[in-house]
Amino acid sequence: MTNNRIQRVVVVGGGSAGWMAAAALATYLGKQASVRLIESEEIGIVGVGEASVPHIRMFNSQMLGIAETEFVKRTQGTVKLGIEFKDWSRIGDSYIHGFGVIGRSLGPLPFHQFWLKLFQSGRAAAIGDYSAQTVMAPQGKFVPGVGDAPPSSPLSDIAYAYHFDASLYARFLRELSAQRGVQRIEGKIVGVNQRADDGYVESVTMENGDVVEGELFIDCSGFRGLLIEQTLKTGYVDWTHWLPCDRAMAVPSERIDPIAPYTRATARAAGWQWRIPLQHRTGNGYVYASRYLGDDEAAATLLANLDGKALAEPRPLRFTPGMRKKFWNKNVVALGLASGFLEPLESTSIYMVQSGISRLLSLFPGRDFNPLLAERFNRESAFEYERVRDFLILHYHATERNDTPFWNYCRTMSIPDSLKEAMDLFRSDGRYFRNGDDFFALPSWVQVMLGQRIMPQSYHPIVDDMPEEKLVQYVEGMRATLARAVAAMPTHGDWINRYWKAAAQ
Ligand SMILES: Cc1cc2nc3c(=O)[nH]c(=O)nc-3n(C[C@H](O)[C@H](O)[C@H](O)COP(=O)(O)OP(=O)(O)OC[C@H]3O[C@@H](n4cnc5c(N)ncnc54)[C@H](O)[C@@H]3O)c2cc1C
């Protein structure tokens, strides 16, 4: 049995994907396998990727045993309660896709069904008034949870993620990994050596001539996909026709006060602009479609729309939205940008690295590389990518904008059948059904569909069983409870200053 165990794991790349993978592998397998990570300071890391989803809290604390306070302080972190989308369906529109639940479900129905009946007759406020996170975000309020709230209350567990400095996170994980036994190898890989009979990777050659051998290779080398693509020629599924943005211009700017506890995504002529507030600076970027906009124009638009002074020159990034045809090929498992990239609109990339790591740990192979493990890994990863892809397309396609060729394309393009079905069903009577382990759950789809002006024509028939008086009490009681609770919360700035203040940089 034991001699089938993998004893040497090599992680290629030291961006956030590489260090997250190395830290987790050392934590769980460090006693039986050596974990080595190769990175090149000369090549560097992509260095963006500063907004996350709530799963990162679980990954940090449960998977790696990192204390929240330490993480936030070390990464100049702030709270993210969701994303504000400005000008997406029409210029002048604004809505927040918040994390967590909307209201409280009742019997077989989610809260928004009851809300729909009242809203359609003009007796309810916008959906954002019925979810703790979307009430807190625009008011700049934050607490991690309301201690005495009953478990059924939307206040018992505030759903939040973080904004953080990606380079500081990689550095923090590097230290943690070293403590857990990961050996770091600095230098450039100049050659990849494969077994003659089956093409499995057996070693990589470094610029100084050293050869690093391994049984399992984790490719975290970024967009280039050094092992998975350049060596194994795995192939890529290109989704540019559904997600036309393929470039970004990124620039940091001065910190702005008060620090907003949410990301802002403002639609622009040929894409959208992000604003990510950190403790020491603000991250900004314009994600755009090169078919419709030149780099110089993108940089000029970005610089003209910053809330604070720019701290550097805009930096261009290129990508192809899509995924590898296989995430696990032979003895190479790709994670992070090496495995694919769907554009940063819903900040899902770091989450997908983390879910890939969990999947790898649960399907961890022996030296015989049972093909069933790789097949399952590839099936689950592709499913995750495809479902997130549909959710992203929704933001672009469900628009009324016709003011630029980019938005005309997005509004009229053909979409995957799976997405069309979800939109049609919701438009009819507000129903949405989660697809298996789909990452984005019902509240996300409901908020974005409504925010993008897909208004259901009706609501679920069971709602009519509730007497009118009780319905108003239930729906509007929720709004009043949340409004009161949020009014009493500290501001996000106060919370950070009190508990999570990072050292000045
Ligand atoms: C514009 C943009 C915005 C983004 N925003 C978000 C966001 O808000 N939220 C989110 O979750 N994700 C976001 N992402 C994605 C996120 O940045 C990445 O998922 C994350 O940083 C992981 O990157 P990585 O580690 O895969 O690659 P990289 O950071 O590129 O790291 C690659 C590593 O491989 C090493 N390497 C490569 N070749 C060699 C070689 N020959 N020899 C030795 N070493 C080598 C490099 O030195 C480096 O260490 C964004 C991405 C882009 C492009």
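For every chain, the first residue of its written sequence is number 1, and the numbers climb from 1 along that sequence. The model is predicted, so local features are restricted to residues of pLDDT at least 70 and side-chain atom pairs to those at 80 or more, both for listing and for counting; the totals for chains, interfaces and linings are taken over all residues. For side-chain calculations, the full set of non-hydrogen atoms in the structure is used, while hydrogens and water are omitted.

With respect to the domain arrangement of the protein
For clarity, the cut-off: For the purposes of this description, domain bounds are those given by an automatic or database domain assignment. Residue contacts are defined here by distance: any two heavy atoms, one from each residue, within 4.5 Å place the two residues in contact. By definition, the buried area sums, over both parts, the 1.4 Å-probe accessible area that each loses when the two are put together. The rule for a salt bridge is simple: a side-chain nitrogen of Lys or Arg has to be within 4 Å of a carboxyl oxygen of Asp or Glu. Under the rule applied, a polar contact is a pair of N or O atoms within 3.5 Å (in protein, one hydrogen donor and one hydrogen acceptor; residues adjacent in sequence only if both atoms are side-chain atoms). Classes in brief: Ala, Val, Leu, Ile, Met, Phe, Trp, Tyr, Cys and Pro nonpolar; Asp, Glu, Lys and Arg charged; the others, Gly included, polar.
The assigned domain composition of the protein is domain 1 (2-78 + 164-235 + 321-387), domain 2 (100-158 + 416-492) and domain 3 (253-318). With centres defined by C-alpha atoms, the gap from domain 2 to domain 3 works out at 30 Å. Of the residues lining the interface, 5 residues belong to domain 2; the matching set on domain 3 comes to 4 residues. Together, the buried faces of domain 2 and domain 3 total about 310 Å²; carbon and sulfur atoms form 73% of this surface. If you look at where domain 2 meets domain 3, you find 0 salt bridges. The tally of links from domain 2 across to domain 3 stands at 1 residue pair in polar contact (both at pLDDT 80 or more). Of the residues in the side of domain 2 that touches domain 3, the class split is 2 nonpolar, 2 polar and 1 charged.

Here we look at the pattern of salt bridges
Rules: The helix count covers DSSP runs of H or I at least four residues long, the strand count covers runs of E at least two residues long, and both are numbered beginning at the N terminus.
Applying the stated criterion across every chain, the model contains 34 salt bridges. Here Glu-229 makes a salt bridge to Arg-324, at a shortest N to O gap of 2.9 Å. Of this pair, Glu-229 sits in helix H7 (residues 226-231) while Arg-324 sits in strand S18 (residues 322-324), and the two are 95 residues apart along the sequence. Each of the salt bridges in this network shares a partner with another, and the network as a whole consists of Glu-39, Glu-41, Arg-174, Arg-184 and Glu-186.

Quick look at the sheet that holds strand S20 (residues 332-334)
Sheet strands pair by backbone hydrogen bonding; their relative direction is either parallel or antiparallel. Test applied: One bridge is not enough; two strands pair if DSSP finds at least two bridges between them.
The 6 strands lie next to each other as S7-S2-S1-S11-S20-S19, forming an open sheet whose pairing is mixed. Pairing within the sheet leaves two strands with one partner each, and these edge strands are strand S7 (183-186) and strand S19 (328-329). Bridge count for strand S11 (residues 216-219) against S20 is 3 bridges, and the pairing is parallel. Bridged to Ile-218 within S20 is Val-333.

Some words on the site of the ligand
Rules: Near is defined per residue: the residue qualifies when any heavy atom it owns lies within 4 Å of the molecule or strand. Each accessible area is a Shrake-Rupley result for a 1.4 Å probe, and residues are judged covered by the shown protein chains and nothing else.
The environment of the ligand is made up of 34 residues, and the closest members are Gly-14, Ala-51, Ile-189, Ser-349 and Ile-350. The contact in question runs from an oxygen atom of the ligand to an N or O atom on the backbone of Gly-44, over 3.2 Å. Here an oxygen atom of the ligand sits 2.8 Å away from a polar atom, N or O, in the side chain of Ser-349. Coverage of the ligand by the protein amounts to 97% of the 1000 Å² it exposes when considered alone. Within the shell around the ligand, the residues separate by chemical class into 17 nonpolar, 13 polar and 4 charged.

Brief notes about the nonpolar core
Stated precisely, the cut-off is as follows: Note on terminology: a nonpolar core comprises buried Ala, Val, Leu, Ile, Met, Phe, Trp, Tyr and Cys residues joined through side-chain atoms within 4.5 Å. For each residue, the accessible area found with a 1.4 Å probe, counting protein chains only, is set against the maximum for its type, and the residue is called buried under 20%, exposed over 50%, and partly exposed in between.
Among the nonpolar cores identified, the biggest contains 152 residues, and Ile-218, Leu-394 and Tyr-396 are the most heavily contacted of them. Setting aside residues no more than four positions away along its own chain, Leu-394 makes contact with Leu-419, Met-423, Trp-445, Val-448, Met-449, Gln-452 and Ile-454. In terms of nonpolar packing, the next biggest core, distinct from the first, is built from 17 residues, Val-10, Phe-217, Ala-334 and Ala-338 among them.

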